[in-house]
Amino acid sequence: MNRKTVLTIAGSDSSGGAGIQADLKTMTALGLYGMSVITALTAQNTTGVYGILDVEPEFVAKQLDCVFQDIFPDAIKIGMVSRPDIILAIAEKLREYQAQPVVLDPVMVSTSGSRLLKEEAVDTLCSHLLPLAALATPNIPEAEILSGHPIKDQEQMEEAAREISRRFGTAVLVKGGHHTSDADDVLCMDDKICWFHGQRIENPNTHGTGCTLSSAIACGLAKGLSMEESISRAKEYLSGALASGLDLGKGSGPLDHCYLTDRRNV
């Protein structure tokens, strides 16, 4: 049996709610075969990130070689990449293997507020990885950094999406989850704007939402769906994972990635 494959390039979350673990759970729940290249080990839980151990870029490159030379992925999702030399190693391999489509989640700060991308790495991310992406999925704080402008309303979300898309030559989905009244996201692709509306779900447990959404979008693209359909289905999956109401941990807990296959009542 053939099954579509997705590669996640990201950091490991020891609490299982974000990063590599969230990505692989999402891919499995959506029926795809997930593979991983780990860029960093993190000591974290729902209350914060307490340590980061970066993987050396040579070993990141070796992981990528092993994946691309054996099971070539139908789509790639990139999450936490904290150092310039790791970013350069990933970009080099993506170009070498002409790997596409790439969904880049420019992870800069965790849900708990811990900085995950070193400041000196932002420029490298912008110059080497963003231009290789089919889609970038910044939240509002990340979009403010990438666009250089504050974002206070939906008009400014559109402006930021256009600015980032034009500057880096990629489609951009600015996520509105940091607004208090809605969960509307805006896509700029080929200089056209498309809104994806969502109802805010009252759930304080949002650890790993960005990882989950970007992975779910990559799953749609791996299946051959359009960008718009991939985003729409990913938002539907994320909403279900939030609405399921999983409540674990003492801080901002994880989503219920497995709600589609829940067998607790069987």
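As a reminder, the structure under discussion sits directly above these lines.
In short, a report on the structure. (Residues numbered from 1 in each chain as written. Predicted model: local features only at pLDDT ≥ 70, side-chain atom pairs only at ≥ 80, totals over all residues. Heavy atoms only, no water.)

Remarks on the packing of helix α7 (residues 209-222) against helix α8 (residues 227-243)
As a reminder, the rule being used: Axes here refer to lines fitted to C-alpha atoms; in helices the fit is confined to the stretch in contact. Angles between the N-to-C directions go from 0 to 180 degrees. Helix and strand definitions here come from DSSP, where helices need a minimum of 4 consecutive H or I residues and strands a minimum of 2 consecutive E residues; each element is numbered from the N-terminal end. Here roughly perpendicular refers to angles of 65 to 115 degrees, roughly parallel to angles under 35, roughly antiparallel to angles over 145, and oblique to all remaining angles. Handedness of each helix crossing follows the sense of rotation of the near helix against the far helix: counterclockwise by less than a right angle gives left-handed, clockwise gives right-handed. Contacts between residues were defined by any pair of non-hydrogen atoms, one from each residue, lying within 4.5 Å.
Between α7 and α8, whose axes approach to 8 Å, the crossing angle comes to 140 degrees. It follows from the interaxial angle that α7 and α8 lie oblique. Relative to α8, the crossing made by α7 is right-handed. Across the interface between the two elements, T209, T212, L213, A216, I217, G220 and L221 of α7 pack against M227, S230, I231, A234, K235, Y237, L238 and L242 of α8.

Focus: the side chain of D23
Stated formally: Categorising residues by exposure relies on relative accessible area from a 1.4 Å probe, with only protein chains included: less than 20% of the type maximum marks a residue as buried, more than 50% marks it as exposed, and the intermediate range marks it as partly exposed. Within 3.5 Å is the distance limit for a polar contact, defined as a pair of N or O atoms, with the added protein rule that one can donate a hydrogen and the other accept it, and that residues adjacent in sequence qualify only through two side-chain atoms.
Looking at where D23 falls in the secondary structure, it is placed in helix α1 (residues 19-29). Given a relative accessible area of 0%, D23 falls into the buried group. A polar atom in the side chain of D23 sits 2.6 Å from the side chain of S215. Not counting residues within four places of it along the chain, the set of residues in contact with D23 comprises T8, A10, K77, C211 and S215.

Some words on the side chain of N203
Its place among the elements puts N203 in the loop between β9 (192-196) and α7. Here the side chain of N203 touches N205 through a polar contact of 2.8 Å, landing on its backbone nitrogen. If sequence neighbours within four positions are ignored, N203 has contacts with L242 and G245.

What about the pattern of salt bridges?
Applied cut-off: Here, a salt bridge means any Lys or Arg side-chain nitrogen found within 4 Å of an Asp or Glu carboxyl oxygen.
Evaluation of the coordinates by the stated rule reveals 11 salt bridges. The partner of K93 in a salt bridge is D65, with the nearest N and O atoms 3.0 Å apart. Residue K93 is located in helix α3 (residues 84-97), and its partner D65 is located in helix α2 (residues 57-68); the two are separated by 28 residues in the primary sequence. Overall, K93 belongs to the buried group, its relative accessible area being 11%. The salt bridge involving K93 is made with E96; its shortest N-O contact spans 3.2 Å. Here K93 pairs with E96, and both are found in helix α3, just three residues apart, close to one helical turn. Taking relative accessible area as the criterion, E96 reaches 46% and is therefore assigned partly exposed.

Observations concerning the environment of L132
Note on placement: L132 falls in the loop between α4 (119-129) and β6 (135-136). Residues in contact with L132, not counting those within four places in the same chain, are A91, L94, R95, Q100 and V102.

Keep in mind these values describe shape, not function.
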